[in-house]
Amino acid sequence: MSPFKAPVDSTPMDRTGIHQALPRIGVVLGGGALKGMAHIGALRAIREAGITPHLFAGTSIGAMIAAAAASGVTPDVLQERALSFKRKDLFRINHVGMIMDRMLSRSIYLEGPLRALCDELVADGSFDDLKTKLLVAAVDLERGTPVVFGRPGFRQVKVRDAVYASCALPGFFPPGVVGDRVCIDGGTMDNLPVEVAGLDVDALIAVDVGIANVPLAAGVAEQGFATIFMRAATMMMHEMQQATLETWKGPPMLLVRPPVSHIGWFSFRHIEKLLDLGYTATREALGHLLNALSAPGGIYPRRLMRIEVDRPACTGCGLCAAHAPHLMALDEELKAYPMLPVHEFSPADGGFAGCCPVSAITVAPIETWDEAGARLAQSA
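No experiment lies behind these values; they were computed from the predicted model shown.

Here we look at the nonpolar core
If you look at the biggest cluster of nonpolar residues, it comprises 78 residues, and the most contacted ones within it are Phe127, Leu134, Phe149, Val163 and Ile205. Per-element accounting of this core gives the leading share, nine residues, to helix α2 (residues 61–70). In terms of nonpolar packing, the next biggest core, distinct from the first, is built from 18 residues, Ala57, Val148, Leu192 and Trp248 among them.

Here you go:
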């Protein structure tokens, strides 16, 4: 039996014969619209590894899937539902509201389909009725503050209402009423709620499916206001999330970032691929879980990376040095250079390379550079 599947009150012995309490592991699932289907694959990998989470936490679609898991819905059932998911199950234009209310219409899409999905996947009742702890991040629209349902003082509300609110992307779906609060998508302030989830656990497994990076999106300005809004939201959420991760002081975290940045937020054509990407990335990352559990903190997995600067392309703008003064600097010719070219990075590190407006900085695994050098030497 995996040690993670032992009963909660058991205390396995280490090599010294001293009983050790089982680690309390929290699973945090970030927002990312339909990219969040990758969370289902991640949960399947976690289940196969024999890990029984102490709590689930999530934002937006991450909140919905976390709530489903806390409600007892298995990854197999979630995967079956995902593969049958259709556009009409979520998006139905709010024709009457947009015609009658015009600029006062609360949303582009109707509330009903999203509500029905929450009711289908999430158990009825309050947070106290769940067998597994659950945290749902949302934003109080009127007070302008974050709120985490499931924390003390915010448990006596319907879980379904909290999940709907956490998924209510502003402008796309109407705000949700949770108790006496009017709330919107938690990603507005916290797209990966690791800080609050880290309060009650010994380690975290965090799955980021939405904003690990902001890839090039040529022609986005011609694709309509919804696409432009989502592009802007992506950039804002990316910066907020990076700030949290780059200054992480909580318990050790295994950060999983499936390679889904190239897939559209609302693409229904890649659901099977998303399921596979989430599973594969999480399964690979879990191989480093024991390293994380044995550490006092930090983000894992960690690997040696090399920083390279294309000097001819560098304009000397200095953004990299401003963003990462401990890593980058400018020489006498105002060209950027790494103060140390090789570093041990976690998946949360290296974001400074993305701030280069001319893409002159490359951060890559050191073995990739060595292999490339070997090939060049062989061909010389």
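Next, the rest of the story.
Things to note about empty space enclosed by the protein
The tally for this structure, following the rule as stated, stands at one cavity of 30 Å³ or more. Taken as a whole, the largest cavity spans an internal volume of roughly 80 Å³. Taken together, Cys314, Thr315, Gly316, Cys317, Gly318, Cys320, Ala336, Cys356, Pro357, Val358, Ala360 and Ile361 make up the lining of the largest cavity. Classifying every residue of the lining of the largest cavity gives nine nonpolar, three polar and no charged.

Here's the deal with the side chain of histidine 39
The residue histidine 39 is located in helix α1 (residues 38–48) in this model. According to the relative accessible area criterion, histidine 39 is buried, its value standing at 0%. Residues contacting histidine 39, with those up to four places away along its chain left out, are Leu29, Gly30, Gly62, Ile65, Val207 and Val209.

Overview of the pairing of strand β10 (residues 303–309)
Summarising the sheet, β10 and strand β13 (residues 342–345) pair through four bridges and their orientation is antiparallel. Paired with arginine 306 across the bridge in β13 is valine 342.

Quick word on the pairing of strand β2 (residues 55–59)
Most of β2 sits inside the fold, with five of its five residues counted as buried. In β2, alternate side chains face the same way, and those of Leu55, Ala57 and Thr59 on one face and Phe56 and Gly58 on the other are all buried. For strand β1 (residues 25–29) and β2, the ladder comprises four bridges, and the chain directions are parallel. Across the sheet, the residue bridging to valine 28 is alanine 57, located in β2. Viewed along the sheet, the connection from β1 through α1 into β2 turns out right-handed. With five bridges connecting them, β2 and strand β3 (residues 133–140) associate as parallel partners. Counted as the bridge partner of alanine 57 is leucine 135 from β3.

Each value, and the rule that gives it
- Residues numbered from 1 in each chain as written.
- Predicted model: local features only at pLDDT ≥ 70, side-chain atom pairs only at ≥ 80, totals over all residues.
- Heavy atoms only, no water.
- Core = buried A, V, L, I, M, F, W, Y, C linked by side-chain atoms within 4.5 Å.
- Buried < 20%, exposed > 50% of the residue type's maximum accessible area, 1.4 Å probe, protein only.
- Helix = DSSP H or I, 4+ residues; strand = E, 2+ residues; numbered from the N terminus.
- 1 Å grid on protein atoms, 1.4 Å probe; cavity = no way out; pocket = protein on both sides within 12 Å on 5 of 7 lines; lining within 4 Å.
- Points joined across faces, edges and corners; volume = space filled by probe spheres on them.
- Nonpolar A, V, L, I, M, F, W, Y, C, P; charged D, E, K, R; others polar.
- Contact = heavy atoms within 4.5 Å.
- Pairing = 2+ DSSP bridges.
- Right-handed = clockwise from strand over helix to strand, strands pointing away.

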